[in-house]
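Chain residues, written in single-letter form:
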2 protein chains.
Amino acid sequence: MESSTKSALINTFQQQFGDKFTTNLTLRTQHAHTQTWLPNQPADGVLFAENKQMVIDAVNICHEYRCPLIPFGTGSSLEGQVNAPQGGICIDTSRMDQIITIHQDDLAVTLQPGVTREALNTALRHTGLFFPIDPGANASLGGMASTRASGTNAVLYGTMKDVVLNLEVVLADGRLIRTASRAKKSAAGYDLTHLFIGSEGTLGIITELTLKVFARPEQVAGGVCAFPSILDACNAVIMTIQSGIPVSRLELLDPLQIRACNQYSKLAMPEKPTLFVEFHGSATHVKQQAEQFAAIAEEQGAEPFQWSSDESALKQLWKARHNAYFATQLLRPQAQAYVSDACVPISRLAECVEQTRLDLEESQLIATIVGHVGDGNFHVCLMVDPKDAHEIECVEAFLARISERAISMEGTCTGEHGIGQGKQAYLRKELGEAVDVMLSIKQALDPYNLMNPAKIFS
Amino acid sequence: MESSTKSALINTFQQQFGDKFTTNLTLRTQHAHTQTWLPNQPADGVLFAENKQMVIDAVNICHEYRCPLIPFGTGSSLEGQVNAPQGGICIDTSRMDQIITIHQDDLAVTLQPGVTREALNTALRHTGLFFPIDPGANASLGGMASTRASGTNAVLYGTMKDVVLNLEVVLADGRLIRTASRAKKSAAGYDLTHLFIGSEGTLGIITELTLKVFARPEQVAGGVCAFPSILDACNAVIMTIQSGIPVSRLELLDPLQIRACNQYSKLAMPEKPTLFVEFHGSATHVKQQAEQFAAIAEEQGAEPFQWSSDESALKQLWKARHNAYFATQLLRPQAQAYVSDACVPISRLAECVEQTRLDLEESQLIATIVGHVGDGNFHVCLMVDPKDAHEIECVEAFLARISERAISMEGTCTGEHGIGQGKQAYLRKELGEAVDVMLSIKQALDPYNLMNPAKIFS
């Protein structure tokens, strides 16, 4: 955009939105990518949208000026999704934080995109319902839908793709659409809901969501279980899934991650490949699940499975898991974390994780491996010195290899973090000409490439 | 298409495909719509495709001639999806009936589109796995994906949208793409898998699918339960879902349907609103579920819930449910059945079903009501004399009202049968400008409107 046009645009935003709009550099920097060593590329201004009309007005102005728009939730995405490499206006939706209706009888809730998952669960506290998707960060639900987020509970409750009933979206030309009704099932035309889920803001800005919520389980039980090898742990995972045990969480931590967690959370777990497991259901049902899992684990040579339904014991357990990221940082305090993401069919998981561990050793990189292994999804948390060009080079080569390894095993280069800026080359390797179909859709719905440009594809 | 062009096209198909291609009128008629009183509109020729290369070759010829293509599975769709109102070539995929790989450890199967759901379950018989989606008809899995089919098991296992991992599709211009990897989770770009599911063949022809399959439950138990009123039955449904009881089937039959089933299947069920219920799980778990459901039903004034895990008793029960369609036909043997389809949030279900029953009475139409009520989805099975113009008019007015009623209750005009030719006006009423977004996508992927034209939108 020419500088005179940009000035006119900024001026228009200032006149229209007053103090809801800012060009302050600190704020602009905070609204770009801040999570990893990917560069921080701020927008030219940030609009704090308070309602859908403000979003529509902003989109209309940007459409007129042919100016990029970057939707922003809480900024916890990991692949540069909120960067503004071509400048433009960041639309911060965090003030659109109202829960509009709790549809108690329908197990659903309609809300604005800035509501975070923790705020939603707080609002549901007295209803007997809860929202299970938990990507770790207290992300906004608009952002979680945009990036098709998932996390630890996905093995039982699915990912964002499984819990969104409909979306209200502002398109690049300012039109406001609703993608579906509030019915649980629909065969009414193309599935626009799923088209927008995971589109990373490149097709429109979400202004309202209706989400499924779930009956809170009567009881929650869980525990940890150490295995002789990653292969044994993965085999236990496969047998658990295949036996139809409706496990709600099934997380793998490698020995280095266990060491880090022990240090950080002052625990004394054996430094072995370890599964963190959780069950939801009635008291008798969780007991039965836990016993079935214990038998499977024993068959794979695991140490005795210790489990409990005591709330504070469970809290400590999952706190250790959730703090894995911080624990890993302690392994190399001056470094910055970069969390990679791959997902393969579970039959290939052991092989993929073992090859990755070997690769890390050969590359002399410091990294832990944790995984939502019930879904075949795992992360490598690399501790990187961002000032060491040689190390960055090594990390980039490693990241290329992990993506290619996952793809060669019929998996994906990203199970939950998305493509953003970081994984565009791998998307093409994974899906080939299907990417051209995505581009045709992008071109049809956003012909001037205004919606979060240079994300997913450039 | 001009008649000389059409002759040249037919000639090309005959030369290329020999006896795999036919212009026989009987066969062409059988390959168009035969299920309801919608008109039968045959294609100009039928190709029995035996592999993906034949599909690609056929699409390339049609693309060159700008000739419509109509994908065909088993012809069990209910809204005219396989009609050829503009002529063209029907691509019958029923000979593409190979199961390519059973991924036992991954609980998945890769297969060709002509495999039927019953054939798949036969192939899985010795694996401990099964495929749950059951729309009644023994439909092909390609067709079921194309129409986003569901049916009785959807309340626990979801619909086709929940069980397809990826699709291989031939696009209108002959390109072959795969929509996703085989990983259970993915955040890799736009969700093309869900775009093709439910697109009713208007965006491409499915040549391969990878589907989730499930561990066969240790035990299945079920039974029937008669309620004083539809409202009571629906309240029991809501409470069952809200209590988190993982019921696998939850079907409502109205008193007239029960009478018909009694006559047809020689049963003696009380002629009252009745729920057919099924539970999957371990022996203790199904017992617990059945007892929980019995307590809920009792609270709603139901007669005592009789349940069993005896296989032959269950078979008889579900045979009666599956034969509901034929039983209804006995109510008016000379008439033709037309099954409507609506889906609302379950909180509105009782109201919607009761208003619909009243509407039927006022319209003096003979019809039963059955529903996959755990999902808020119900059908009205109308017995219509297709030669009575006045009656057809009444039926059409009734169908308009049921769609509008569902839409006004935040539901959809179709939970599982799709839009086809029959529901295009209601799609627009339901989703407004979102339909223009669908049209933009259609235009982007199929600019000459060759793929199943005049379906979903005209």
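Residues numbered from 1 in each chain as written. Chains lettered and ligands numbered in written order. Predicted model: local features only at pLDDT ≥ 70, side-chain atom pairs only at ≥ 80, totals over all residues.

1. Here's the deal with the domain arrangement of chain A
Stage number 1. Domain annotation of chain A identifies domain 1 (3–92), domain 2 (99–215), domain 3 (219–317) and domain 4 (332–420).
Stage number 2. Opposite the seven residues of domain 1 of chain A that make contact, domain 4 of chain A presents nine residues. (Domains from an automatic or database assignment. Contact = placed C-beta atoms within 7 Å.)

2. Things to note about the environment of A:Thr414
Stage number 1. Topologically, A:Thr414 is positioned in the loop between α15 (389–408) and α16 (424–431).
Stage number 2. Taking C-alpha positions, A:Thr414 is 9.5 Å from A:Val344, a pair spaced 70 residues apart along the chain.
Stage number 3. The residues touching A:Thr414, leaving out its near neighbours within four places in the chain, are A:Asp341, A:Ile419, A:Lys423, B:Ser186, B:Ala187 and B:Ala188. (Helix = DSSP H or I, 4+ residues; strand = E, 2+ residues; numbered from the N terminus.)

3. Points about the sheet that holds strand β6 (residues 108–111) of chain B
All names here are of chain B.
Stage number 1. If you walk across this open sheet you meet the five strands as β5-β6-β10-β8-β9, and the pairing is antiparallel. One side of each edge strand has no neighbouring strand; the edge strands of this open sheet are β5 (99–103) and β9 (176–178). Geometrically, the sheet is characterised by an average inter-axis angle of 15 degrees between neighbouring strands, direction not taken into account.
Stage number 2. As defined by bridge partners, strand β8 (residues 164–171) adjoins β9 across three bridges and the pair is classed as antiparallel. Note on β9: the bridge partner recorded for Glu168 is Arg178. (Pairing = 2+ DSSP bridges. Axes fitted to C-alpha atoms, helices over the stretch in contact; angles between N-to-C directions.)

4. A few points about the interface of chain A and chain B
Stage number 1. Opposite the 75 residues of chain A that make contact, chain B presents 75 residues.
Stage number 2. At the level of secondary structure, the elements contributing two or more residues to the side of chain A that touches chain B comprise α7 (160–163), β9 (176–178), α8 (192–196), α9 (230–242), α11 (283–299), α16 and α17 (434–445) of chain A.
Stage number 3. If one sorts the elements of the side of chain A that touches chain B by residue count, α17(A) sits on top with nine residues.
Stage number 4. Classifying every residue of the side of chain A that touches chain B by side-chain character gives 30 nonpolar, 29 polar and 16 charged. (Nonpolar A, V, L, I, M, F, W, Y, C, P; charged D, E, K, R; others polar.)

5. A look at the packing of helix α1 (residues 3–17) of chain B against helix α3 (residues 52–65) of chain B
All names here are of chain B.
Stage number 1. Between α1 and α3, the shortest axis-to-axis distance is 11 Å and the interhelical angle comes to 160 degrees. By the criterion of interaxial angle, the relationship of α1 to α3 is roughly antiparallel. Regarding α1 and α3, the two cross each other, and that crossing is right-handed. For the pair α1 and α3, the contacting residues are Thr5, Leu9, Thr12, Phe13 and Gln16 in the first and Asp57, Ile61 and Tyr65 in the second.
Stage number 2. Of the residues assigned to the contact of α1 with α3, the class counts are four nonpolar, three polar and one charged. (Parallel < 35°, antiparallel > 145°, perpendicular 65-115°, else oblique. Left-handed = near helix turned anticlockwise from the far one by under 90°.)

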